[in-house]
Amino acid sequence: MNFFSKMICTFYILFSISILNAQNYQELEHKFNNAKGKPKIELGLKLSELYLNTDIKKSLSYAQNSLSLANEEKSKELILNAYYNLGGCYFAIDSKSDLAIENYTNALDIAISLKNYEKSIDLYNVIAMIYQNKEMYYKSIEYFKNAEQIAIKSNIENDKADIYNNIAISYKNIGDLEKSIQYYLKSLKIMTKSKNIEGAKSLFNNIGNVYLQLENLSKALEYYEKALKITTTTEVNSIKARILNNLAIVNHKLRNFDESMLYYKQSIDIKLKLNEKSSLSTSYLNLGTLYLEINDFTNALLQFNQALSLNKVLNNSQVEANTYNKIGELYLKQKNLQAAKDNIDKSFDMAVKIKNKYLVKDLYERYSEYYLLKGDLKRSLQFKDKYILAKDSIYNIDNNLKLNGMFQRFAIEEKDKELETAKKVQRIIALEAENQKSFSIFLGIIVFLLFVFVYLISKKYIKISSLEKDLEEQNLILKSADEALNIQNAKLIETQKELKVLLEDQKSLNKFKSIYITTIAHEFKNPLTAILNSSSNLEKSFKIHDAVIFKRSMNTVNRSINSLIKQIDEAMFIGRNNLNKDKYLPFDINLVEFIEEIIDSQEAIDKNKHIIEFNKSIDFIEIYFDKTALERIITNLISNALKYSTKNTNVVVSALDRENEVEISVVDFGIGIPKSEQSKLFENFHRFSNAENIVGTGLGLSIVKKIVDFVKGTIAVESDKDQGTKISITLPKKFVIKD
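Now for a quick tour of the structure. (Residues numbered from 1 in each chain as written. Predicted model: local features only at pLDDT ≥ 70, side-chain atom pairs only at ≥ 80, totals over all residues. Heavy atoms only, no water.)

## Details of the overall build of the chain
Along the backbone of the chain there are 24 helices and 7 strands. Within the chain, the fraction of its 739 residues that count as buried is 44%. Sequence separation of 24 or more characterises 62% of the internal contacts of the chain that already satisfy a separation of 6 or more. (Helix = DSSP H or I, 4+ residues; strand = E, 2+ residues; numbered from the N terminus. Buried < 20%, exposed > 50% of the residue type's maximum accessible area, 1.4 Å probe, protein only. Contact = heavy atoms within 4.5 Å.)

In structure tokens form, the structure reads like this:
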């Protein structure tokens, strides 16, 4: 059969299907017009579903008609389905997402009242997906977690896997990468248990993506390789192409060029077979960049031109701008200055147009290199200054985004705590009301029994023996009632105790908030004042073109912002008891190297005012521990030692390797801690009498104590006023949380 014959057959089949569908629709519409009651509503809903992908106006009309008829019939199930269809119609219209949420929410309320768990989960998920599309990620997480609660309650495992995967995506989009990994792993556990190979494959790849974003290249490589391991050699699909491309990227970053090149080529071969042009152009750009790094200019230019050729069809400005940038870099390496300038100009014009501030920053540096090679030192320095300014601007923007994210996460966690407290209070109030009701019932019984008792006595003709017998029976009943009343009183007393504990917790929370606000407000004053003064200096430096004042002011601003972020992070850790089994993510760490890096960082901050000695028995001590928690311990101990020591004195850090644990100690020769105040050493916000003039929040040692207690370590302090301080902690070499 020739090509023309095949085309005629294909057209005939599609034409036949379209006629058949039209006939089906007409037949259903005829039935709908002649039907009444519930059958008419069901036909209307069916027509709404059928028209959803072909004629949205008709679909919407049938859904609205069905809702009106369902309300007349007062059928909750049909009203639910009508709202569901309306939500689907509005979801299909880009500008009507708010109406979609409104109708889906109406359907959800009915599904919950009918205890239709599967529909409730479906509705929570679809509303969450709309919020995710609107980039309202915190709202989407809220709805996904509601779906999770119903899935747990109704034991629907497959839905839980999809829910956890979607929660992980939202956390990834807001930059909370640790939580993203936690939820991906939860989903993976269910997928593995149910032997869902395709689902597990995608999750291994997604977890690798998060580790790549965290720049944990070894972990990223581990999960990408796990994903590839469960794909077949003959498999040709998008997920395999993505896995191979990701393996190429991480090997590229690890400088494993041969492996990276192999994976890029395998990925490109699959994408060519699948005709995936959009991702193919990016792969050509990445492979060209690899060739450029190993100075294979011929192959690099070939790949870049392939990317540009594809982009003539795709109009992907981001990839095109990056490709011109890389071609400009290639020509700079070859000293072909005119060709380099032409491509850098193209890239810069596009980067400005699409507002890609990161590419604009890189292009300033590229211009600086171009003018340097051309011998125009003045213009080269001008572009170098622009590059530094753009880099600092991006750094400050990223810091602000990070700060906003921290505040949003803190607000959500506080809201969750308040809701949990409110639920506890409601449960206690309900219990107390139930107890009061029971007490009233028992009191009524007693009054009734007393009435019977008086009535029996008044009956003169009843024999004394019979009366005594009745009295004994009534006494037994009264005794039972009394015992029941005692039980209820005991319950009331227990309830009152619970209320008292809850009120004490609330008082403690209020006290904490009061101290927190006072302390943080005080500690924020200095960095904020520094930022305000520096902003004035920045304005001045721009006016007089003084680079020294500008640089010094920018350093002050950056240092002050970092100080603010550190103080907020410490307060948030204390306020929400930050370290728990969900947040504890251990890794293999060389403790000696880890301490040396922190010492280097602290020396830079301290500006050589003190000498930090590091005593180590060996160069390698392996510990399986959470990096963030370990950094908090060591950084707080060393920074405290530096802070409370006089200038030019020594601070001594030691690390000892034992069988199943390590000991870390920090010794300073500073102001020390008065013996009389050492009982309050680990209290939040506590400042000692001899340290009131030294800047600090009083949270450092409290944070250290919380972490050490969590991992079942120990902490010991030796100190006295004006005698210096030694703090020693022991940590298990391997601390793993058991489920």
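Let us keep going from here.
## Some points on the packing of helix H14 (residues 277-293) against helix H15 (residues 297-314)
Where H14 contacts H15, the two axes come as close as 8 Å, and the packing angle between them is 160°. Overall, the two elements H14 and H15 adopt an arrangement that is roughly antiparallel. Considering only the axes of H14 and H15, their crossing is left-handed. Residue-level inspection shows Lys-277, Ser-278, Leu-280, Ser-281, Tyr-284, Leu-285, Leu-287, Gly-288, Thr-289, Tyr-291 and Leu-292 of H14 in contact with H15, the latter providing Phe-297, Asn-299, Ala-300, Gln-303, Phe-304, Gln-306, Ala-307, Leu-310, Asn-311 and Leu-314. When grouped by side-chain class, the residues that make up the contact of H14 with H15 number 12 nonpolar, 8 polar and 1 charged. (Axes fitted to C-alpha atoms, helices over the stretch in contact; angles between N-to-C directions. Parallel < 35°, antiparallel > 145°, perpendicular 65-115°, else oblique. Left-handed = near helix turned anticlockwise from the far one by under 90°. Nonpolar A, V, L, I, M, F, W, Y, C, P; charged D, E, K, R; others polar.)

## So, unusual backbone geometry
At Asn-295, a residue that is not glycine, the phi angle is positive and equals roughly 65°. Along the polypeptide, Asn-295 turns up in the loop between H14 and H15.

## Describing the packing of aromatic side chains
Tallied over the entire structure, the rule returns 16 aromatic pairs. Judged by centre distance (5.7 Å) and plane angle (20°), the ring pair of Tyr-171 and Tyr-183 falls under stacked. With Tyr-171 in helix H8 (residues 157-173) and Tyr-183 in helix H9 (residues 177-193), the pair connects residues that are 12 residues apart, well separated along the chain. Residue Tyr-183 is classed as buried on the basis of its relative accessible area, which comes to 9%. Plain terms: the ring middles of Tyr-364 and Phe-383 are 6.3 Å apart, the flat faces sit at 40° to each other, and that makes the pair tilted. Of this pair, Tyr-364 sits in helix H18 (residues 357-374) while Phe-383 sits in helix H19 (residues 377-458), and the two are 19 residues apart along the sequence. Here Tyr-364 matches Phe-383 in class, with each residue buried. An aromatic cluster is present here, built from Phe-348, Tyr-364, Tyr-367, Tyr-370, Tyr-371 and Phe-383 joined pairwise through their rings. If you follow Lys-386 out to its NZ or CZ, it ends over the ring of Phe-383, 5.0 Å from the centre. Lying over the aromatic face of Tyr-624, Lys-734 brings its terminal NZ or CZ to 5.5 Å of the ring centre. (Phe/Tyr/Trp six-rings, centres within 6.5 Å; stacked < 30°, edge-to-face > 60°. Lys NZ or Arg CZ within 6 Å of the ring centre and 35° of its normal.)

## Some details on the side chain of Asn-165
Its place among the elements puts Asn-165 in helix H8. Contacts of Asn-165, omitting those with residues within four sequence positions, involve Tyr-184, Ser-187, Leu-203 and Asn-206.

## Thoughts on the sheet that holds strand S2 (residues 611-616)
Backbone hydrogen bonds hold the strands of a sheet together, and the pairing may be parallel or antiparallel. Taking strand neighbours across the sheet as the criterion, the 5 strands line up as S2-S4-S5-S7-S6 in an open arrangement whose pairing is mixed. Here the strands that pair on one side only, and so sit at the sheet edges, are S2 and strand S6 (714-719). On average, each strand axis in the sheet is inclined to that of its neighbour by 15°, with strand direction left out of account. (Pairing = 2+ DSSP bridges.)

## Here we look at the packing of helix H16 (residues 317-333) against helix H17 (residues 337-353)
Axis separation between H16 and H17 bottoms out at 8 Å; the angle between their running directions is 155°. Considered as vectors, H16 and H17 are oriented roughly antiparallel to each other. The way H16 lies across H17 gives a crossing that is left-handed. Between H16 and H17, the residues in contact are Ser-317, Glu-320, Ala-321, Tyr-324, Asn-325, Ile-327, Gly-328, Tyr-331 and Leu-332 and Leu-337, Ala-339, Ala-340, Asn-343, Ile-344, Lys-346, Ser-347, Met-350 and Ala-351, respectively. Counted by class, the contact of H16 with H17 contains 11 nonpolar, 5 polar and 2 charged residues.

## Points about H18
With 18 residues, H18 ought to run about 26 Å at 1.5 Å a step, and its terminal C-alpha atoms sit 26 Å apart, in line with that. Leu-359, Val-360, Lys-361, Leu-363, Tyr-364, Arg-366, Tyr-367, Ser-368, Tyr-370 and Tyr-371 are the residues of H18 that are buried. Sitting at the head of H18, Asn-356 places a side-chain oxygen 3.3 Å from the backbone nitrogen of Tyr-358. With its phi angle positive at about 90°, Gly-375 sits one or two positions after the end of H18. (Expected span 1.5 Å × (residues − 1). Polar contact = N/O pair within 3.5 Å; in protein donor to acceptor, adjacent residues only side chain to side chain.)

## Details of the environment of Lys-647
Here Lys-647 shows up in the loop between helix H23 (627-643) and strand S4 (650-657). Residue classification places Lys-647 among the exposed residues on the basis of a relative accessible area of 59%. In the structure, Lys-647 is positioned 23 residues away from Gly-670 in sequence and 9.2 Å away in space, judged by C-alpha atoms. The residues contacting Lys-647, other than those within four sequence positions of it, are Lys-609 and His-610.

## Focus: the pattern of salt bridges
Scanning all chains against the criterion turns up 21 salt bridges. The salt bridge involving Lys-201 is made with Glu-235; its shortest N-O contact spans 2.6 Å. With Lys-201 in helix H10 (residues 197-213) and Glu-235 in the loop between helix H11 (217-229) and helix H12 (238-253), this pair connects stretches of sequence that are 34 residues apart. The burial state of Lys-201 is the same as that of Glu-235; both residues are buried. One salt bridge in this structure joins Lys-616 and Glu-596, with 2.7 Å as the shortest N-O distance. With Lys-616 in strand S2 and Glu-596 in helix H22 (residues 591-606), this residue pair connects regions lying 20 residues apart in the sequence. (Salt bridge = Lys/Arg side-chain N within 4 Å of Asp/Glu carboxyl O.)

## So, the side chain of Lys-40
Position of Lys-40 relative to the elements: it lies in helix H2 (residues 37-51). For the buried Lys-40, which has no salt bridge, the nearest side chain bearing the opposite charge is Glu-72, at an N-O separation of 9.8 Å. The contacts of Lys-40, once residues within four sequence positions are left out, are Phe-32, Asn-33, Ala-35 and Leu-69. (Lys, Arg positive; Asp, Glu negative; His and termini not counted.)

All quantities given are derived from atomic positions and should not be read as evidence of function.
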